[in-house]
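If you want the building blocks of each chain, they are given just below.
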Amino acid sequence: MNHSGRFWGSAGSSLGEQVVRLAPLALIVIITVVAFVTPSNLHFSRFLSLVPVFAASVWPVVGTVAVGVLAAAIDVVIAVTIGSVSEERTHLFTLAVIAGATAAAAWASHVRQQREQTLADVRSVAETTQKVLLRPMPHRLGRLDIEALYLAAAAQARVGGDFYEALETVHGVRMIIGDVRGKGLPAVGMASAILGCFREAAYDEPDLARLAGRLDVSTSRYTRLLPGDRMEYFATAVLVEIPDCVTT
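So, here's what we can say about the structure. (Residues numbered from 1 in each chain as written. Predicted model: local features only at pLDDT ≥ 70, side-chain atom pairs only at ≥ 80, totals over all residues. Heavy atoms only, no water.)

**So, empty space enclosed by the protein**
We count it as follows: Put plainly, a pocket is an open set of points on a 1 Å grid over the protein atoms alone with protein on both sides within 12 Å along at least five of seven lines, a cavity is a set where a 1.4 Å probe fits but cannot get out, and a lining residue has an atom within 4 Å of a point. Grid points are joined across faces, edges and corners, and a volume is the space filled by probe spheres set on the points. In this count, Pro and Cys sit with the nonpolar residues alongside Ala, Val, Leu, Ile, Met, Phe, Trp and Tyr, while Asp, Glu, Lys and Arg are called charged and the others, Gly among them, polar.
In the structure shown here, the tally under the stated rule is two cavities of 30 Å³ or more. Volume-wise, the largest cavity comes out at about 60 Å³. Every residue along the wall of the largest cavity is listed here: A35, P39, S40, H43, F44, S45, I78, I82 and H91. Broken down by class, the residue content of the lining of the largest cavity amounts to five nonpolar, four polar and no charged.

**Section: a nonpolar patch on the surface**
The criterion, for reference: Residues forming no salt bridge and having over 30% relative accessible area are the ones grouped into patches, like charges within 9 Å of each other and nonpolar side chains (Val, Leu, Ile, Met, Phe, Trp, Tyr) within 5 Å. The method behind every accessible area is Shrake-Rupley, applied with a 1.4 Å probe, and residues are considered shielded solely by the protein chains displayed. By salt bridge we mean one thing: a side-chain nitrogen of Lys or Arg within 4 Å of a carboxyl oxygen of Asp or Glu. Strands here mean DSSP runs of E at least two residues long; helices mean DSSP runs of H or I at least four residues long; both are numbered from the N terminus.
The grouping of V29, V33, F36, V37 and V77 at the surface amounts to a nonpolar patch, some 450 Å² of accessible area in total. Structurally, V33 is set in helix α1 (residues 15-37).

**Observations concerning the packing of α1 against helix α3 (residues 61-82)**
The condition that has to hold: Helix axes use the C-alpha atoms of the stretch in contact, all axes being lines fitted to C-alpha atoms, and the angles between their N-to-C directions lie in the range 0 to 180 degrees. Should an angle fall under 35 degrees it is taken as roughly parallel, and over 145 as roughly antiparallel, whereas 65 to 115 is taken as roughly perpendicular and any remaining angle as oblique. Residues are treated as being in contact if the distance between any of their heavy atoms lies within 4.5 Å.
With their axes 11 Å apart at the nearest point, α1 and α3 run at an angle of 10 degrees to one another. Classed by the angle they form, the pair α1 and α3 counts as roughly parallel. Packed against α1, whose contacting residues are P24, L25, I28, T32, A35 and F36, the element α3 presents V67, L70, A71, I74, I78, T81 and I82 at the interface.

**Comments concerning the pairing of strand β4 (residues 172-180)**
The test is simple: Paired strands, in this sense, are two strands between which DSSP finds at least two bridges.
The pairing of strand β3 (residues 162-169) with β4 spans eight bridges and is antiparallel. In the sheet register, E168 faces β4, and the bridge partner there is V173. Here β3 folds back onto β4, and the loop between the two strands holds two residues.

**With respect to the sheet that holds strand β5 (residues 235-242)**
Ordered in space as β3-β4-β5, the three strands form an open sheet in which the pairing is antiparallel. In this open sheet, the two strands that pair with only one neighbour each are β3 and β5. In this sheet, neighbouring strand axes are inclined to one another by 10 degrees on average, regardless of whether the strands run parallel or antiparallel. Along the sheet, helix α5 (residues 185-201) makes contact with β3, β4 and β5, crossing β4 at roughly 165 degrees. Running at roughly 150 degrees to β5, helix α6 (residues 208-224) makes contact with β4 and β5 of the sheet.

This is the structure in structure tokens:
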């Protein structure tokens, strides 16, 4: 089974992500240059208050606060260098705005990091569940060469109601491919119950008809434990048996 995921902020982050991370510093440079090359009464330094807000979307709390302090320091430099006495209140107001924006941005960065950690934990659990539910297929069973590819309908999905398995038994190689109606945890639970039964019964039952009967009984028992309309819980599947005498 070929299945991989990429998390934001991983070690293999792309060049585009690195550019985005450096954008707050680039914004400071641009605002500073524009403030020095334009008349002081235009007060382009006010835009420095946007820097920590933007940094909060890509930087951690410490970095967000640091860039806010840097923006405030640069505003002071601009005020001292090209400002006038009459504009003192304007620059004090800009510093207050930068301070408030930095505080709000730091909190937003903290919340964002918490949500990203929660998402990473959920994805980790989903990937572990997937490895148990849809474990990697061997490349060869008996006389068969096997390759499997699982592509979830949703780009960020890890598990769902699709299921498959291939086992080498005394009866030959037995396979199952199926899909559970619905999605989410109920579908995952149903798929897990079906695969659990198949992985046991495939070794014992002498023919596919009796194997299908075992799966049907197991599914019925499982659905009796679920709330709601039982008609909402069912699965379709294909069973295949390839005896050892068949060559490929």
